[in-house]
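Descriptive structure summary
Chain residues, written in single-letter form:
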Amino acid sequence: MSGFVKADNVFVNQNVASRNDVLRFIADKALETGVTDDADAVYNAFLAREEMGETGMTDGFAVPHAKDAAIKDAAVFVFKNNTPLEWPSFDEKPVDVAIALLVPDGEAGTTHIKLLSKTAVLLMRDEFKSLLRDSNDQEAIAQAINEGISEE
């Protein structure tokens, strides 16, 4: 599962106003990078998942995820906003770092569960959270996530 996160899919110093703006941005970037041919389908898949329950974890991190037939290849995008945003989360704190998982429908039971569980484990590690919070080095962020999700 290595190489899921490309440095080009790590977006730092962003300045959007809402959770939906984050999800729209990621859906549009998925279209630009060829992960999907249909940004609206990806955006709607994110929204549908958000309706099911919070994707905000703790300490300002969220893991939004989209599963849809319009997603061609599983991918992970990282989005860091300059200001914390209202985002339903387990600790009811606003979110400024989103690690978005995009998974094709056919891989929903396998790839999706692996990525989600490994990302959740990473977010329990203080050193990982510190790296994401403190660094704007896209390569370092991508590498840290790739290493984390490829661990057995």
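Calculation notes
For every chain, the first residue of the written sequence is number 1, and numbering continues from 1 onward in sequence order. Only residues with pLDDT of 70 or above have their local features reported here, since the model is predicted, and side-chain atom pairs are shown and tallied only from 80 upward, although totals for entire chains, interfaces and linings are computed over all residues. As a rule here, side-chain values cover all heavy atoms of the structure and leave hydrogens and water aside. Per the convention used, a helix needs a DSSP run of H or I reaching at least four residues, while a strand needs a run of E reaching at least two, with both numbered from the N terminus. It is over C-alpha atoms that the radius of gyration is taken, and the globule rule equals 2.2 Å times the number of residues to the power 0.38. Accessibility here uses a 1.4 Å probe with only protein chains present; expressed as a share of the type maximum, an area under 20% marks a residue as buried, one over 50% as exposed, and anything in between as partly exposed. Whether two residues are in contact is decided by their heavy atoms: any pair within 4.5 Å suffices. For every accessible area listed, the method is Shrake-Rupley and the probe measures 1.4 Å; residues are considered covered only by the protein chains on display. Within this scheme the basic residues Lys and Arg register as positive and the acidic residues Asp and Glu register as negative, but His and the chain ends are omitted. Charge positions are represented by NZ for Lys, CZ for Arg, CG for Asp and CD for Glu. By convention in these notes, a salt bridge is any Lys or Arg side-chain nitrogen within 4 Å of a carboxyl oxygen on Asp or Glu. Arc, as used here, means the arc of the directions from the helix axis to the C-beta atoms. For the purposes of this section, nonpolar cores are sets of buried Ala, Val, Leu, Ile, Met, Phe, Trp, Tyr and Cys residues that join through side-chain atoms within 4.5 Å. Only centres within 6.5 Å qualify two rings of Phe, Tyr or Trp (six-membered ring in Trp) as a pair; their planes then separate them into stacked at under 30 degrees, edge-to-face at over 60, and tilted for everything else.

An unreviewed UniProt entry lists the protein under the name Putative PTS IIA-like nitrogen-regulatory protein PtsN, with Lancefieldella parvula as the source organism.

So, the overall build of the protein
Secondary structure summary: the protein contains five helices and five strands in total. Along its sequence from the N terminus, the protein presents helices and strands in the succession β-α-α-β-β-β-β-α-α-α. Rg of the C-alpha trace for the protein: 14 Å, near the compact-globule value of 15 Å for 152 residues, within the 12% margin. Judged by the C-alpha coordinates and their principal axes, the protein covers about 35 × 35 × 25 Å. When the 152 residues of the protein are sorted by exposure, 51% land in the buried category. Counting contacts in the protein only where the partners sit at least 6 residues apart, residues at least 24 apart contribute 72% of the total. In the structure as shown, the protein presents an accessible area of about 7,200 Å², 47% of it carried by carbon and sulfur atoms. One finds the centroid of the 14 positive side-chain charges in the protein at a distance of 2 Å from the centroid of its 27 negative side-chain charges.

Here we look at the pattern of salt bridges
Pairing between side chains of opposite charge can happen when the charged atoms of each approach one another. Summed over all chains, the structure comprises eight salt bridges. For E50, the salt bridge is made with R19, and the minimal N-O distance between the two is 3.0 Å. Placement of E50 in helix α2 (residues 39–52) and of R19 in helix α1 (residues 19–32) is noted, with a sequence separation of 31 residues between them. As far as burial versus exposure is concerned, E50 and R19 are alike and both buried. R24 is the salt-bridge partner of D40, the closest N and O atoms lying 2.9 Å from each other. Of the two residues, D40 sits in helix α2 while R24 sits in helix α1, which places them 16 residues apart along the sequence.

Some thoughts on helix α4 (residues 126–134)
Given 3.6 residues per turn, any residue in an α-helix points the same way as the ones three and four places further on. Taken together, the buried positions of α4 are F128, K129 and L132. The arc enclosing the buried residues of α4, seen along the axis, measures out at 95°, which places them on a common side. Residues of α4 that are exposed and point more than 90 degrees away from the buried face comprise D126, E127 and D134. In this fold, the buried residues of α4 make contact with β2 (61–62), β4 (75–85), β5 (95–104), α3 (111–122) and α5 (138–150).

Brief notes about the nonpolar core
With 26 residues, the main nonpolar core has V22, I26, F46, F77, F79 and L102 as its most contacted residues. Contributing elements (two or more residues each) for this core: α1, α2, β4 and β5. The greatest single-element share of this core, amounting to six residues, is contributed by α1. Grouped together as the second largest cluster of nonpolar side chains are 24 residues, V5, V12, V97 and L101 included.

Focus on the packing of aromatic side chains
A complete count under the given rule lists three aromatic pairs for this structure. Taking 5.0 Å as the distance between ring centres and 85° as the angle between the ring planes, the aromatic pair formed by F11 and F25 counts as edge-to-face. You can see F11 sitting in strand β1 (residues 10–14) and its partner F25 sitting in helix α1, a full 14 residues away along the chain. Using a relative accessible area of 11% as the deciding quantity, one classes F11 as buried. Seen in terms of ring centroids, F25 and F79 are 5.1 Å apart; in terms of plane orientation they differ by 70°. Their pairing is edge-to-face. One end of the pair, F25, is in helix α1; the other, F79, is in strand β4, and 54 residues separate them in sequence. F79 carries the same exposure label as F25, and that label is buried.

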